[in-house]
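Structural features, examined
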Amino acid sequence: MKKKFALALAALMMTGTLAACGSTNTNNNAGSATDGTSVTSETPNVDAIKEKGEIIMLTNAAFPPFEYQADDGSIQGVDVEIAQAVADKLGVNLKIVDMDFNSITNSLKSGKGDFAAAGMTITEERLKQVDFSDEYVTSSQVVVVRSDSDLEGDKAAIDAALSGKNIAVQEGTTGDWYASGDEENTGSTIKNANVLQYKSATEAGLHLANGKADAIIIDQKPAEAIVAANDGKLKILDTKLTDEQYAFAVQKGQEDLRDVINEVIAEYKGDKVDELITKHMGA
Ligand code: ARG
């Protein structure tokens, strides 16, 4: 017994991992070491990120005010600021990788990034693939139409009116699922729409303004950004089609990283997020 303990202690001293992790880990690590198993950290993913000195955020920077390309080419937005706070908390650099929205989940799963921050809605479908942080924004899918449109009514009436129409969406988003009549995931009752899938909210806006599409189904704040960018040509209907929550995503099982993200989200949720939305809506 005594010998076993001494060996375990030696093993602990040699690995040096103990010094790097939080003091609460000490007892657990010593405990597992006496069993002869190797000493493991309780924060392996966070340790690896600190080791690299860099954390990688996956996003699609075509979704203002959450993420967009600024005039100088840099990627800015609400999500970028929250992600920067996560990086600061870990004492590492933030690297942003911009990609098509519908590639983000798979890229995260295959380890091309540490987390996704993309105004991403928590859905059952995505929960099968990734884990989500706590939510930080509440949103809805809304309908954008040309200003002279007389489309109005409750959700059922709008779904009926949009059935068989040309609806522009951003590919792979919950708006895309809604326009496609995915009742299970979105509650949509739209039937047989011609769904025009674009890579960005901006492109969808152009095609509505020039008459190629009859409507856009997209998240509330990006809808406002599209309307603002198309001087008076477009408007948003009051009817909300869905209730959604945004969260950051991590690879399944990366609870240590998710905990750090949740700490930052707890600081930002509410007033700070609202301020950031206002700041980036104006940008
Ligand atoms: N909230 C919607 C979704 O999760 C749209 C998100 C689009 N985000 C983006 N960065 N393009 O499907």
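Here, the structure is the one placed above.
These lines cover the structure that appears in this document, whether it is placed above or below. (Residues numbered from 1 in each chain as written. Predicted model: local features only at pLDDT ≥ 70, side-chain atom pairs only at ≥ 80, totals over all residues. Heavy atoms only, no water.)

Regarding the side chain of Gln 141
Quick reminder of the rule: Each helix corresponds to a stretch of at least 4 residues labelled H or I by DSSP, and each strand to a stretch of at least 2 residues labelled E; elements are numbered beginning at the N terminus. Two N or O atoms count as a polar contact when they lie within 3.5 Å, although within protein this holds only if one can serve as hydrogen donor and the other as acceptor, and sequence-adjacent residues are included solely when both atoms are side-chain atoms. The contact criterion used throughout is that any non-hydrogen atoms of two residues lie within 4.5 Å.
Here Gln 141 lies in strand E9 (residues 141–146). Only 3.2 Å separates the side chain of Gln 141 from the side chain of Glu 244, close enough to count as a polar contact. Setting aside its immediate chain neighbours within four residues, Gln 141 contacts Thr 174, Gly 175, Ile 217, Ile 218, Asp 219, Thr 239, Lys 240, Leu 241, Thr 242 and Glu 244.

Considering the site of the ligand
Selection rule: A cutoff of 4 Å decides nearness: a residue is near a molecule or strand if any of its heavy atoms lies inside that distance of it. For the accessible areas, the method is Shrake-Rupley and the probe is 1.4 Å, while residue cover comes only from the protein chains on display. A cavity here means a set of 1 Å grid points, computed over protein atoms only, where a 1.4 Å probe fits but cannot escape. A pocket is an open set with protein on both sides within 12 Å along at least 5 of 7 lines, and lining residues have an atom within 4 Å of a point. If over half the atoms of a molecule are within 2 Å of the grid points of a cavity or pocket, the molecule is regarded as sitting in it.
Close to the ligand lie 14 residues, the nearest being Asn 60, Ala 118, Thr 121, Arg 126 and Asp 219. Ala 118 is positioned such that a nitrogen or oxygen atom in its backbone is 2.7 Å from a nitrogen atom of the ligand. Taking Gln 170, its side chain carries an N or O atom lying 3.1 Å from a nitrogen atom of the ligand. Here the ligand, which alone exposes 350 Å², has 100% of that area covered by the protein. Here the ligand occupies the largest cavity.

Observations concerning the pattern of salt bridges
Spelled out, the test is: What makes a salt bridge here is a side-chain nitrogen of Lys or Arg within 4 Å of a carboxyl oxygen of Asp or Glu, nothing more.
Applying the stated criterion across every chain, the model contains 12 salt bridges. Taking the shortest distance from any N to any O, the salt bridge between Lys 279 and Glu 81 comes out at 2.6 Å. Of the two residues, Lys 279 sits in helix H14 (residues 271–281) while Glu 81 sits in helix H5 (residues 78–90), which places them 198 residues apart along the sequence. Among the charged side chains, a salt-bridge network with shared partners connects Lys 89, Glu 263 and Glu 267.

Some points on the layout of surface pockets
Sizing a probe to match a water molecule and rolling it over the atoms shows the empty space that remains. Keep this limit in mind: Grid points are joined across faces, edges and corners, and a volume is the space filled by probe spheres set on the points. Charged means Asp, Glu, Lys or Arg here, nonpolar means Ala, Val, Leu, Ile, Met, Phe, Trp, Tyr, Cys or Pro, and polar covers whatever is left, Gly included.
Approximately 320 Å³ is the volume attributed to the largest pocket. Sorting the residues of the lining of the largest pocket by element identifies strand E3 (67–69), helix H11 (201–209), helix H12 (220–229) and H14 as the ones contributing at least two each. With 5 residues, the single largest contributor to the lining of the largest pocket is H12. Class assignment for the residues of the lining of the largest pocket results in 10 nonpolar, 4 polar and no charged. Roughly 190 Å³ of internal volume is contained in the second largest pocket. If you go around the second largest pocket, the residues you meet are Phe 101, Asn 102, Ser 103, Ile 104, Thr 105, Asn 106, Glu 125, Arg 126, Gln 129, Gly 172 and Trp 177. Secondary structure elements with two or more residues in the lining of the second largest pocket: helix H6 (104–109) and helix H7 (124–127). Top element by residues in the lining of the second largest pocket is H6. It accounts for 3 residues. Taken together, the residues of the lining of the second largest pocket break down into 3 nonpolar, 6 polar and 2 charged.

What about the packing of H5 against helix H13 (residues 255–268)?
Any two packed helices are characterised by the angle at which their axes cross and by the distance between the axes. Quick reminder of the rule: Helix axes are fitted only over the stretch in contact, all axes being lines through C-alpha atoms; the angle between N-to-C directions runs from 0 to 180 degrees. Any angle that falls under 35 degrees is termed roughly parallel, while one over 145 is termed roughly antiparallel, one within 65 to 115 roughly perpendicular, and all others oblique. Left-handed describes a crossing whose near helix is turned anticlockwise from the far helix by less than a right angle; the clockwise case is right-handed.
Orientation of H5 relative to H13, taken along the N-to-C sense of each, is 125°, at an axis distance of 10 Å. When the axis of H5 is compared with that of H13, the two are oblique. Taken as a pair, H5 and H13 cross one another with a handedness that is right-handed. Across from Glu 81, Ile 82, Ala 85, Val 86, Lys 89 and Leu 90 in H5, the residues of H13 making contact are Leu 257, Val 260, Ile 261, Glu 263, Val 264, Ile 265, Glu 267 and Tyr 268. Tallied by class, the residues present in the contact of H5 with H13 amount to 10 nonpolar, no polar and 4 charged.

Notes on unusual backbone geometry
A negative phi holds for most residues other than glycine; trans holds for most peptide bonds. Counted only if it meets this: Burial classes: relative accessible area under 20% of the type maximum marks a residue as buried, over 50% as exposed, and values in between as partly exposed (1.4 Å probe, protein chains only).
The amide bond that connects Pro 64 to the next residue, Pro 65, takes the cis arrangement and shows omega of 5°. The phi torsion at Asn 192 lies on the positive side, around 50°, for a residue other than glycine. With respect to the helices and strands, Asn 192 occurs in the loop between helix H10 (183–186) and strand E11 (194–198). Judged by its relative accessible area of 71%, Asn 192 falls in the exposed class.

Some words on the pairing of strand E1 (residues 54–59)
Under the convention used in this document: Strand pairing follows a simple DSSP-based rule, namely that at least 2 bridges must link the two strands.
Along E1, 5 of the 6 residues are buried, which leaves the element largely enclosed by surrounding structure. Direction of pairing for E1 relative to strand E5 (residues 93–98): parallel, over a ladder of 6 bridges. Bridge assignment links Ile 56 to a residue of E5, and that residue is Lys 95. Pairing geometry for E1 and strand E6 (residues 115–116), over 2 bridges, is parallel. Directly across from Met 57, in E6, lies its bridge partner Phe 115.

Topic: empty space enclosed by the protein
Applying the stated rule across the entire model yields 2 cavities of 30 Å³ or more. Taken as a whole, the largest cavity spans an internal volume of roughly 70 Å³. If you go around the largest cavity, the residues you meet are Asn 60, Phe 63, Phe 101, Ala 118, Gly 119, Thr 121, Arg 126, Gln 170, Thr 173, Thr 174 and Asp 219. Considered class by class, the residues forming the lining of the largest cavity number 3 nonpolar, 6 polar and 2 charged. Computed from the structure, the second largest cavity encloses a volume of approximately 40 Å³. When grouped by side-chain class, the residues that make up the lining of the second largest cavity number 2 nonpolar, 3 polar and 3 charged.

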